[in-house]
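Report on the structure
Chain by chain, the residues:
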Amino acid sequence: MPILSVLIFLPLIASLVVAFSPDQFKAYFKWFTLGVTAIELAICIYLYQNFNHDVADYQFLEQLDWITLPLGNLGIGSIDYLLGVDGISMPMVLLTGIVMFVGALSSFQIEQKERGYFSLYLLLTGSVIGCFMALDMFLFYLFFEFMLLPMYFLIGIWGGPRKEYASIKFFLYTLFGSIFILIVMIALYLSVVDPVETAVRIGLINDVSEITPQIITEVQNLLKDLKIPSEQIVHTFDLRFMPDAGNFLPDSWLNILSGTQIFSFSARALAFILLMIGFGIKLPAVPVHTWLPDAHVEAPTPVSVVLAGILLKIGGYGFLRIAYPIFPEVATEYAFVIVAFGVLSIIYGAFNALAMNDLKKMIAYSSVSHMGFVLLGIGSLTSEGINGAVYQMFSHGVLSAMLFLLVGVLYDRTHDRRIDSYQGLANKMPLYTAMTAIAFFASLGLPAFSGFIGEVFTLMGGFNSPLIPRWLTAIAAFGLVLGAGYFLWTLQRIFFGKYWVRQFEGTLEDLTFREKSMLYPLAILAFVFGIFPHLIFDLTNATISELLKLF
Amino acid sequence: MNAIIALSLFGISNLFLGFLNNRKILLPATLVFILIALGLNFADWNHEYYWFNNMLKTNNLSVNFVTIILLSTFLVVAISRSFGDDDEHSHPAEYYAILLFSAVGAIMMVTFENLIMLFVGLEILSVSMYVLTGSDKRSLRSNEAALKYFLMGSFATGILLFGVALVYGATSSFDIHGIAQGVAKAKEQMGGAYGPLLYSGVILIMVGLLFKISAAPFHFWTPDVYDGAPSIFTAFMSTVVKTAGVAATYRILSISFPSVYGLWGNPLVYIVCATLIIGNITAVYQQSFKRMLAYSSISHAGYLLITVLAKRPETNSSLLFYSLAYAIATITAFAVLMVVSEAQAKNGKADESFEALNGLANNNPLLAFSLTISMLSLAGIPLTAGFFGKFFVFSDAFSNPSSLFKWILVIAILMSTVGIYYYFKPIIAAYMKKGEVAKIELSPLYKFILILTTTLTILLGLAPDLVKNIF
């Protein structure tokens, strides 16, 4: 069974079902959505169980020809519907399953235009999960762009008072980044040749299934000697072929040997930088992070959960899936710059989080800070660093989902998110206090929780890496102290002391059953993954060792 | 090519149909006429014919262009709704006849083999458009637009004619292939340089044509004329006239003057950049949806001209694809704008501004959805036809080794991001702004056209190879 396609198309079809079902079923939309995301989660867990830890290559591959374009003298363009997961995408797929399910539970409070909301939510689910599994760069880009639309409407229609500003800002920022990715995608597409299909075209083999490594080498040699007529060259978006320098046309822009210069700048370096900006906006790295606090503040709780829990991870995932394997030598050269931006994000995000009075903004900036660790880990180019980065993405996905849910709990009751409006909540809401304390401690990197593992491993990677100076990583480590500072300070201000809430007459109820059912599992996950980090590391290790051979 | 003859005859018979008291018959009759012309056009597929003493030539490229032109005309006619029930002020028979005549002019502009035919075609198209622009005769804006268009347009045609004369002086030929030989010979005699006659001739021809497709800096008439003309004719102007103009530019520059690329290529680079920047940046500041569409049409002229500039044999298919995607999306946008502004005018509210669209999605989901898809396509968001249009154009620019193209590409890409901002304004208005648009009753044909264009836009975004392989 094409299980990955089911994962993508189940929510997409469900989205259509919701969009076209009559109004009398309105009350069931949320249950339907919850059911669909539950099935998604089940499939993700099934994938996780059946994922072979020892194989570095892609698994559960699915391939179909989608678009074939004759381009005259340029050859033939081929776009495939190509899906697969490896050690880098598997944790992300699992994370998507978890966060989307929790987000659906949290969406139960949506009380206007349910049809549109749940239909868009399911659309978002499908496109996000597709983004993590697409192995054709075009398909990846398609999902990458496409998820912006439901997100845009989810913030823009169900958001807070400044929703229009926030949603268009979110959209324009991300789209600006994705246009950079589009440029590189076109350049790669004009440079990279699909050796398998080209072999079929020039008659070396009759069918794709007959391909052997010898044939690929033969095609690559023919390519190097310019012996293949240009009309028969099949250009491709296939990410599996892009890391191999032999698949690049000899005189193309991005061939490592051609040394093309654009504006007196190496074309490959330029392409890498464009990709880094494109994905950096999504991550978000300072200084292109400013859309994030706005989007978070205006977005409804479940959308914030999805935004922080999954969408940010696509930036980091894009680095590892596209930028690093294709341009390894540039990545090595610019390691210092990338890590420097990572450290800047850690410190700048943390200082901002310290200064924020809005609880959601505080958490948004803490996200910026935590995603800086991802950049640090990836930039270090060590096994610990990259494994840690993937781990950090997973852990932050779980924890930030939890943090935003916690803010949502408070906001639902009082419609106030200012930190200085609360005092001594521990007296009235003990369970809520306990959950918040767990989430805060896990986020600030207390050992035995998942945040600790991610941060420690990325820092280890930073210290171990020959490419970056120790002092830079030392500064990043200082970010941990700041993290402890803003989390603990917030904890103290809101929960301790004498009970007082600004302009709120009623009584504050503790967690309801629905809230418990969202928060408890996440807390348990943060704990389990903190104690047994090999649950994720086993997935990532083989793939990342393979990736590091490129450097 | 029989399409030309047929359409002219149909136009005349349309005029006679106007004598009947039954206005209802005109719309279906015109649609049938266009479909017949479309069928006749397909008869030329896979043949290369010269017509009327080598005046016109049909080949697959021209058949494709004619198909786009006739398809756009068909869609525009289909959303015209017989021009309302106002007996005193509207003359549907004449309007339909003129639309058919101008389609003839447009077809001549994409098939001409002789510069005289280019001129005749351009004049047929332009004169028809002057009339149609002023057809709302009680409206001051419409009158102003028609006069403005006429004055400026006739100057532009004069300039074009002057250019044709100068080129004739330099190459002693009106035939576009003859000109190419003449240019080569002249270049040989001059030892690689080109004389002032040829130089000014080519530039003047270009100016005349670029005026018609409203490329900057010849775009000043566009916003006022688009704004003043009745929306239905603006839709026609921004699709058919633009496609024909770009096709004519492409045809003459790529066939007659490829050997003097530097002569027209260098100025065109600046024109493309200026068009992209002016069109997109000015569109951001518009308060009126219709005026925004006018500036958006200027900006799309810039993207279309990139393919002309890229000068590769493959670029004609990008040009075709882009024109098709642009035409379908623009007509959808105008179709929505027309019914909404009419409904709002009945309530005495704002007319063609973005505010007229506020809250459209609440009662009119189909209109809002079609509008969204068409805006996404114009903005170039994936899974719509417009994305692949941009994708092909950018690929063309990318594969050109000249370093100038990198600059053009940078500007084009930056400007398409700017475009997203203003194309989202109508979507924001329709879905997110508070407002009330009463349920608008649409005729079955109107609904069908909206669904058709929306489906086509998505279909071409999912499987562009369906038509790209034909082009």
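Refer to the preceding data block for the structure.
One structure accompanies this document, and this report is about it. (Residues numbered from 1 in each chain as written. Chains lettered and ligands numbered in written order. Predicted model: local features only at pLDDT ≥ 70, side-chain atom pairs only at ≥ 80, totals over all residues. Heavy atoms only, no water.)

Comments concerning the overall build of chain A
Regarding its fold elements, chain A presents 21 helices and 7 strands. Taken against the 2.2 N^0.38 rule, which gives 24 Å for 551 residues, the C-alpha radius of gyration of chain A at 24 Å falls within 12% of a compact globule. In chain A, which comprises 551 residues, the proportion classed as buried is 63%. Here the contacts in chain A between residues at least 6 apart in sequence split such that 80% fall between residues at least 24 apart. When the accessible surface of chain A is summed, it comes to about 18,800 Å², and 65% of that surface belongs to carbon and sulfur atoms. Of note, chain A has its 28 positive side-chain charges centred 13 Å away from the centre of its 39 negative side-chain charges. (Helix = DSSP H or I, 4+ residues; strand = E, 2+ residues; numbered from the N terminus. Rg over C-alpha atoms; globule rule 2.2 N^0.38 Å. Buried < 20%, exposed > 50% of the residue type's maximum accessible area, 1.4 Å probe, protein only. Contact = heavy atoms within 4.5 Å. Areas by Shrake-Rupley, 256 points an atom, 1.4 Å probe, with all protein chains shown as cover. Lys, Arg positive; Asp, Glu negative; His and termini not counted. Charge placed at Lys NZ, Arg CZ, Asp CG, Glu CD.)

Concerning the pattern of salt bridges
Using the criterion set out here, one finds 21 salt bridges over all chains in the structure. Notably, a salt bridge pairs A:Arg240 with A:Asp238, separated by 3.0 Å at the nearest N-O pair. Judged by its relative accessible area of 27%, A:Arg240 falls in the partly exposed class. Judged by its relative accessible area of 0%, A:Asp238 is buried. Close ionic contact of A:Arg268 with A:Glu329 constitutes a salt bridge, the shortest N to O distance being 2.7 Å. Note that A:Arg268 is positioned in helix α10 (residues 267-282) and A:Glu329 in helix α13 (residues 328-333), a separation of 61 residues in sequence. The class for A:Arg268 is buried, based on a relative accessible area of 9%. A single salt-bridge network, built from bridges that share partners, covers B:Arg141, B:Glu144, B:Lys148, B:Asp224, B:Asp227, B:Lys290, B:Arg291 and B:Glu352. (Salt bridge = Lys/Arg side-chain N within 4 Å of Asp/Glu carboxyl O.)

As for the layout of surface pockets
The calculated volume of the largest pocket comes to roughly 1,900 Å³. Lining the largest pocket we find 48 residues, and of these A:Leu16, A:Ala19, A:Ser119, A:Leu123 and B:Phe369 sit closest to its centre. Mapped onto the lining of the largest pocket, the elements with two or more residues apiece are α1 (3-20), α4 (114-133), α5 (137-146) and α6 (148-158) of chain A together with α14 (360-363), α15 (365-379) and α18 (444-462) of chain B. A class-by-class count of the residues in the lining of the largest pocket yields 33 nonpolar, 10 polar and 5 charged. (1 Å grid on protein atoms, 1.4 Å probe; cavity = no way out; pocket = protein on both sides within 12 Å on 5 of 7 lines; lining within 4 Å. Points joined across faces, edges and corners; volume = space filled by probe spheres on them. Nonpolar A, V, L, I, M, F, W, Y, C, P; charged D, E, K, R; others polar.)

Here we look at a nonpolar patch on the surface
Residues and elements named next belong to chain A. Where nonpolar side chains cluster on the molecular surface, the patch consists of Phe336, Val337, Phe341, Leu344, Tyr348, Trp471 and Ile475 and spans about 630 Å² of accessible area. Counting residues per element, the ones that place at least two in the nonpolar patch are α14 (335-355) and α19 (470-495). Here the nonpolar patch gets 5 residues from one element, more than from any other, and that element is α14. Of note, Val337 is situated in helix α14. (Patch = residues over 30% accessible without salt bridge, like charges linked within 9 Å, V, L, I, M, F, W, Y side chains within 5 Å.)

A short note on the side chain of A:Glu455
Secondary-structure assignment places A:Glu455 in helix α18 (residues 450-464). A:Lys313 provides the closest opposite charge to the buried, unpaired A:Glu455, separated from it by 12 Å.

Brief notes about the pairing of strand β2 (residues 76-85) of chain A
All names here are of chain A. By the criterion of burial, β2 is predominantly enclosed, with 10 of the 10 residues buried. The side-chain alternation of β2 yields two buried faces, one formed by Ile76, Ser78, Asp80, Leu82 and Gly84 and the other by Gly77, Ile79, Tyr81, Leu83 and Val85. With 9 bridges connecting them, strand β1 (residues 59-70) and β2 associate as antiparallel partners. Bridging from a neighbouring strand, Gln63 pairs with Leu82 of β2. The pairing of β2 with strand β3 (residues 234-236) spans 3 bridges and is parallel. Its bridge partner lying in β3, Ile76 is registered against Val234. (Pairing = 2+ DSSP bridges.)

Remarks on empty space enclosed by the protein
According to the stated counting rule, one finds 7 cavities of 30 Å³ or more in the structure shown. In this structure, the largest cavity spans a volume of roughly 110 Å³. As for the largest cavity, its lining consists of 14 residues, and the residues nearest its centre are A:Ile179, A:Leu182, B:Ala379, B:Gly380 and B:Ser416. The element contributing the most residues to the lining of the largest cavity is helix α16 (residues 385-399) of chain B, with 4 residues. Here the lining of the largest cavity is composed, by residue class, of 10 nonpolar, 2 polar and 2 charged. Looking at the second largest cavity, its volume works out to about 70 Å³. Counting only elements with at least two residues in the lining of the second largest cavity, the list comes to α15 (359-380), α16 (383-414), α17 (430-443) and α19 of chain A.

Notes on the packing of aromatic side chains
For the structure shown, the criterion picks out 60 aromatic pairs over all chains. For the pair A:Phe138 and A:Phe237, a centre-to-centre distance of 5.3 Å together with 50° between the ring planes defines the contact as tilted. One end of the pair, A:Phe138, is in helix α5; the other, A:Phe237, is in the loop between β3 and β4 (261-262), with 99 residues separating them in the sequence. Like A:Phe237, A:Phe138 is buried. Ring centres of A:Tyr486 and A:Phe487 lie 4.8 Å apart, and the angle between their planes is 50°; this geometry places the pair in the tilted category. Here A:Tyr486 and A:Phe487 have matching classes, each one buried. Here a set of aromatic residues connected by ring pairs shows up, and it is made of A:Trp66, A:Phe138, A:Tyr141, A:Tyr189, A:Phe237, B:Phe321, B:Phe387, B:Phe388, B:Phe391 and B:Phe392. (Phe/Tyr/Trp six-rings, centres within 6.5 Å; stacked < 30°, edge-to-face > 60°.)

Quick word on helix α21 (residues 534-548) of chain A
Residue and element names in this part refer to chain A. A rise of 1.5 Å per residue sets the reference length of α21, with its 15 residues, at 21 Å; its end C-alpha atoms lie 19 Å apart and thus fit the reference within 8%. Of all the positions in α21, only Ile536, Phe537, Leu539, Thr540, Ala542, Thr543, Ile544, Leu547 and Leu548 are classed as buried. Looking at the buried side of α21, the elements it contacts are α2 (29-50), α3 (89-106), α12 (301-326), α16, α18 and α20 (513-531). (Expected span 1.5 Å × (residues − 1).)

A word on the environment of B:Phe220
All names here are of chain B. Structurally, the position occupied by Phe220 is in the loop between α8 (196-212) and α9 (221-228). A relative accessible area of 56% means that Phe220 is categorised as exposed. Separated by 187 residues in the primary sequence, Phe220 and Trp407 place their C-alpha atoms 25 Å from one another.

Overview of the interface of chain B and chain A
Facing 36 residues of chain B, the contacting portion of chain A comprises 41 residues. Across the chain B/chain A interface, buried area totals approximately 3,500 Å², and carbon plus sulfur atoms make up 81% of it. Per-residue buried area on chain B facing chain A is highest for B:Phe391, B:Phe398 and B:Met432; these three make up 20% of the total on that side. Put simply, chain B and chain A have 0 salt bridges between them. (Buried area = accessible area lost by both parts, 1.4 Å probe.)

Looking at the sheet that holds β2(A)
Residues and elements named next belong to chain A. The 3 strands are arranged β1-β2-β3 in an open sheet whose pairing can be described as mixed. Edge positions in the sheet fall to β1 and β3, since each of these pairs with one other strand and no more. The mean angle between the axes of side-by-side strands here comes to 30°, regardless of whether they run parallel or antiparallel. (Axes fitted to C-alpha atoms, helices over the stretch in contact; angles between N-to-C directions.)

Remarks on helix α10 (residues 231-255) of chain B
Residue and element names in this part refer to chain B. Look at α10: 35 Å from first C-alpha to last across 25 residues, which is about the 36 Å you get at 1.5 Å a residue. Helix geometry: α10 is bent most strongly at Met237, by close to 25°. The element α10 is extensively covered by neighbouring structure, given that 23 of its 25 residues are classed as buried. (Bend = angle between axes of the 7 residues up to and from the residue.)

Regarding the packing of helix α13 (residues 315-346) of chain B against α18(B)
All names here are of chain B. In contact at an axis separation of 10 Å, α13 and α18 are set at 145° when each is read in the N-to-C sense. For the pair α13 and α18, the crossing hand works out as left-handed. Contact residues: α13 offers Phe321, Leu324, Ile328, Thr332, Ala335, Val336, Met338 and Val339, while α18 offers Tyr446, Leu450, Thr453, Thr454, Leu456, Thr457 and Leu460. Each residue belonging to the contact of α13 with α18 can be placed in one class, and the counts come to 11 nonpolar, 4 polar and no charged. (Left-handed = near helix turned anticlockwise from the far one by under 90°.)

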